[in-house]
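Analysis of the macromolecular model
Each chain, letter by letter, is given below.
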Amino acid sequence: MSNPEVATSTSASAGPGKGQQSARERSKNLFSNLMPCFKKNQQEEEQREFIANDETYNAQFNYAVNKIKTSRYTWYNFLVKNLYEQLHRRVNIYFICLTILQFIPQISSLNPTTTLIPIIFVLAITAIKDAHDDLYRHKSDRSVNKRKVQCLRTDDHGQFTLVENEWEQIKVGDILCLSNNEPVPTDLLLLSSCDENGLVYVETAELDGETNLKVRQTLPGIGAMKNDLTKFGDFKGKVLCEAPNNILHRFTGNLYLQEPCDTLPIDNQNILLRGCTIRNTVYCFGLVIFAGPDTKLMQNTGISKLKRTNIDLQMNDHVLVIFIFLGIVSVITAIANVSWESRIGHLFTIILPDASYMTSNAFKGFLTFWSYAIILNTVVPISLYVSIEFIRLGQSYFINSDQEMYYAHKNIPAKARTTTLNEELGQVEYIFSDKTGTLTQNIMVFNKCSINGTSYGALYDEQGIQISPDEKMKTVDFSGNAYHEPHFRFYDQRLADAASGVAGDEHLYVAKLFRLLAICHTVMPDSDDEGQLVYQAQSPDEGALVSAARNFGFVFKSRTFDSLTVIENGVEFKYKVLAILDFDNIRKRMSVIVEDTEGNITLYCKGADTVIYDRLAPPSGSRDKEVRSKTSENLDEFAREGLRTLCLAVKNFTRDEYLVWEDAYTQANRELHDREDRLSAVYEEAERDLELVGATAIEDKLQDGVPETIENLCNANIKIWVLTGDKQETAVNIGYSCNMLTDSMKNVFVINGQTDKEVEGQIDDALRIMAGNYPGSSRIECVSKMEDDIDVAAERLNALQQSQATYGLVINGYSLTFALESNLDEKFLDFACKCSAIICCRVTPLQKAKVVTLVKDKKKAITLAIGDGANDVSMIKAAHIGIGISGEEGTQAVLSSDFSFGQFRYLERLLLVHGRWSYMRICKFLNYFFYKNFAFTLIHFWYGPFTGFTAQSAYDSWFVTCYNIFYTSQPILWLAVLEQDLNPEFCVRFPRLYLPGQRNELFNTRIFIKSIVRGIVTSLVIFFINYGVFSAGISSKGIDRTDYQTFSQALSTSLIMVVTLQVALDTSFWTFLNIFFTFGSIGVYFMFSYALYSKGLYSFIPSQFPFIGSATTSFQLPALWFSVLLTTTVCILPAIIRQYIMRQYMPTYADEVLALQSCERAQRRAARSNEPGIVGALTHRLRNRFPLRRRSSASRSKSQSGYAFSHERGFGDLITTGRMSMRRRPPIASIIPGISERGTVRAVSIVSETSCHSPATGSSSPAAAIPTTLPGVDVSMTSSRDSQTIVA
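Okay, so let's go over this structure. Remember, predicted model here, so these are calculated numbers, not experimental data. (Residues numbered from 1 in each chain as written. Predicted model: local features only at pLDDT ≥ 70, side-chain atom pairs only at ≥ 80, totals over all residues. Heavy atoms only, no water.)

The next thing to look at is the overall build of the protein. In terms of helices and strands, the protein carries 42 helices and 34 strands. Long-range pairs, those at least 24 residues apart, make up 76% of the contacts in the protein between residues at least 6 apart in sequence. Roughly 53100 Å² of accessible area belongs to the protein as shown, and the carbon and sulfur atoms make up 56% of that amount. (Helix = DSSP H or I, 4+ residues; strand = E, 2+ residues; numbered from the N terminus. Contact = heavy atoms within 4.5 Å. Areas by Shrake-Rupley, 256 points an atom, 1.4 Å probe, with all protein chains shown as cover.)

It is worth spelling out the packing of aromatic side chains at this point. Scanning the model with the defined rule gives 65 aromatic pairs in all. Their ring planes at 15° and their centres at 4.8 Å tell us that Phe-514 and Phe-552 sit as a pair that is stacked. Here Phe-552 lies in the loop between helix 14 (540–551) and strand 20 (554–560) and Phe-514 lies in helix 13 (residues 506–519), a separation of 38 residues in the sequence. Its relative accessible area of 0% is what places Phe-514 among the buried residues. Taking the relative accessible area as the measure of exposure, Phe-552 reaches 4% and is therefore buried. (Phe/Tyr/Trp six-rings, centres within 6.5 Å; stacked < 30°, edge-to-face > 60°. Buried < 20%, exposed > 50% of the residue type's maximum accessible area, 1.4 Å probe, protein only.)

Among the 10 residues of helix 20 (residues 728–737), nine are classified as buried, and the element is accordingly described as predominantly covered. Taken together, the buried positions of helix 20 are occupied by Glu-729, Thr-730, Ala-731, Val-732, Asn-733, Ile-734, Gly-735, Tyr-736 and Ser-737.

For sheets, the rule is that strands pair by backbone hydrogen bonds, running either parallel or antiparallel. Read across the open sheet, the four strands follow the order 1-8-9-10; overall the sheet is antiparallel. This sheet does not close on itself; its edge strands, each paired only once, are strand 1 (47–51) and strand 10 (262–266). On average, each strand axis in the sheet is inclined to that of its neighbour by 15°, with strand direction left out of account. (Pairing = 2+ DSSP bridges. Axes fitted to C-alpha atoms, helices over the stretch in contact; angles between N-to-C directions.)

Of all six residues in strand 31 (residues 862–867), six are buried; the element is thus mostly enclosed. Where burial is concerned, the two faces of strand 31 agree: the one with Ile-862, Leu-864 and Ile-866 and the one with Thr-863, Ala-865 and Gly-867 are both buried. Two strands pair when backbone bridges link them, and strand 31 and strand 32 (residues 881–885) are joined in this way by four bridges, in the parallel orientation. Within strand 32, the position partnered with Ala-865 by the bridge is Gly-882.

Reading across from one edge, 14-33-32-31-15-27-30-29-28 is the order of the nine strands in this open sheet, with mixed pairing throughout. With partners counted over all chains shown, the strands left at the sheet margins are strand 14 (415–416) and strand 28 (747–751), one partner each. Across the sheet, helix 20 is in contact with strand 28, strand 29 (807–812) and strand 30 (837–841); its angle to strand 30 comes to roughly 155°.

As structure tokens, then:
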């Protein structure tokens, strides 16, 4: 049965194996290459067929070359494609249509260039920004495609040689040579390697996020070609395999050989995938199977889609509402014009005869409809979107410049890689996070252990309180050990004394534990370029344990397929390896049976505490019971601290007992049927009646601040899902460490069904269990849809928190495949949303994207995905917002992200500070912008009855042009860039401030309509107050005050004063720039008025400046200033009164936090008063109204095991069968003449400190710095060495 994990993707290639294509098909493929959007019309590839070194044969299939493209545009489609994307904004279509209408003089009273130039400017600015963003993608693509790789080619003399070619020139069927530390450019079939057994070690960090090494092997027989270029040149093997797809852990195909005639099956163990990196292998040769977009890495990256914010989508809908409003108003004015023309207008035809085309009043009304559609077009100002782009650019600048998000350790600043999603950072409801490298540091540290019932490693102060170490604390001195690692840190001197024999009786027990750690493993020893001992471990757990034993004097020195050597406190001991009982997820343990030089046969076992305790021999006395009890207590303590625990045990065999067991083992190993079950039974027989040795505790180091960040984000009502490719035990352990899973949870459900029925049954069972604890579905709905009234919402929230139990969910990738199917996805999502913590483990990159898409589509919520590896790219692209962490797994995630930074903890500040500010700023901007433009535009409508609804403008045309560009744009622009209602510290301290963004409280349809109504009322007040003042009478000098130009000047001045003071009233955070541009814009208005209406410009172009002298004359009239003062008071005073009443008697949560901030600031100025005063009262009030539920990080229930061991079955077979090479590899230059060595054999070791303190002596002692890497899967190895090194 095929793996249902991921649906197979199709490539753009034509179907193979069908002979030569027709000319029509070839032209179709050529056209598809030129226009990628037509690729979907190509025939799906069912299987891949090609012959090595046969370019002519392979050319018929038109397989993709090894050129990747992540950019959105090309030079020839940029204009068309970018214009098409910009036309998704309805407002752009509106203004283009409006510009066309303005070229019709019969209906337009405005110059068409006043709209044409702005729309061209807007489209050009947006296109330049998009081109600038895409240019970076092109540079990234170019840097990858121009990399060099050595490819087998024929020289001028017909000899086969290795030539450096660019990646983009590589084709299917080429043979490549790769060297150590070199990235794999395509998906390759491994042909040979420098290893005598055809093994190649690869690091797959960019594929699955794991830095531990994995092993790949050549097919039997063809590995004998080694590095013979002539044999490779003559190689004509034919490959028939699966079509390109996105399944990383499966490959099916056959290699057909001509000489000898043979068929070799190909599986995933023979494939090197693009994105892998060659490690500890001098050279290897591979045959290109998939190239460029057909590689599994690129098949998993997903499609780059244009992301638009929720605000953008709302604006599209609101613009549609404005269009409807504009149409209604235009219809009303058209009808009114027809009525006026019928009753009064015909009287004016004597003086102003109608044009010849004015055949009827109805036609006049038709023309009036379009005239008002043009003159009222400023209800949707074209400068709106340009202003938004500048605002987002400014917000991005502050994100990029934020020193609080600068990761000094690696010199990584925060980076806003796109400028279009800033405000959506303030609306996130779901976060989907990778684990390895995102939540963790990729570091495993030997932290503590329990031996003979005694716990070692904890550090206590004088009061007996456990504390963490710092750099000043004294560490254990390991310098007496020639094999110690200089960066290893440990602080408990008692353990070092016991290991070296100084502590007397304890030495026997401690030596037994470290001897077990030095023997019971599948680690391979190696040496670096300096001859220092390094380890290659299948899992980072094993690497940390073997390294710890090494530093405490029990050095694993070397091994062959049937023996290993250990140096115990300077004395060398050799053990014969009789059997390796390999680890798997069902057994949860591994054992090694060895025989020492004296003939003693011993089984060493390590595994989960629950498994080991079930297999212990009956206690021999009270002391034995006490040791087991204390060890169990220590294990519980380790688990509560979030450490990864293993239990250790031994068993001694007599010679006869072992021979009987060996015979049963040999028989089971020969069985053809039920071999696995029979071997498990034999293993079970050996691993019983064990003697307890102790327990170890390893810390999977989290990044700094991860638990606190997750806790605060959860308090902000953000749901966090962890999607990881790691094993279940590892993921769950990290879940406890970072406070996602807690002891207070009622249940942690594990979904691991193997069929859709099993998965559905497990979900139904979980829902039934949860139904007994939930008070009702309506109450659950109240949590996600809280009422607007803050007190009612708080009371309901408190009641629910007290009555509801919390749950966790853990689901593996295989079960997730069924859960994501259409018949089960909604039930799974409903179940998951009722859990407060969700961990999906063993998931593929495409599954990550599917989970994100499911939540995004079904819940209609804003999603954010964060990761650091290429395996996270698909979910980063699928989410509304993608965050890339610049970590240890390459730059693929960063290059595909919208924002990037160096540590997970910066996500808290990005969302709670920058996200909240950006959302608040853009909402204030939009509300004000619609308000001021309706106030500006609707004055034309009120002016209509006095002009016969003839679409005459109430303003001078230059005022219309300058209103949104010079007079009112800058105050709101700088408010939207600089506004801060609260300090960053308070935004983080009170995460409930984030809720308004999630609920769209600051900009929605209701607030949008409210802004429109405010604008309409303001326009009504401004027009009729000014009309009342200027409708009749003359000045004291006998000057007529009722002329059109004076009235227009009064309207303009009143409008500018009202809207400018309104933006000042909306400003909470005043800076010099706000003051300068807010009040300076009023000065600009007066300066422009005097300049535009001066004699100089009139004499230059009389027809364009008809308002000559109106400013000088109007501004001398007291009536104008009285009118301005009156309209300003009537418009602004109610807003001031309402703002005061709301803050004093109906404050929002933000208002109360602002009051607390002001009080604390006042107290700091007063050098901290001794009495808590109002600050304490406000803090108490806030916490009572919006209690912050904090997740306990201190404890885990005693029933919860801390076991986690990222180890896979099968590695033991490589050792015991002798297929694992133990020899040091020679330099590549000595093997293949002429080839340049691109890197040296190096291993990575990252060290960290952990704390211990001796409760007996009360003094600090050194802690161990353990080389660690990521949890592994499959057949894998990690590297460890004496000191920290960097991969070349």
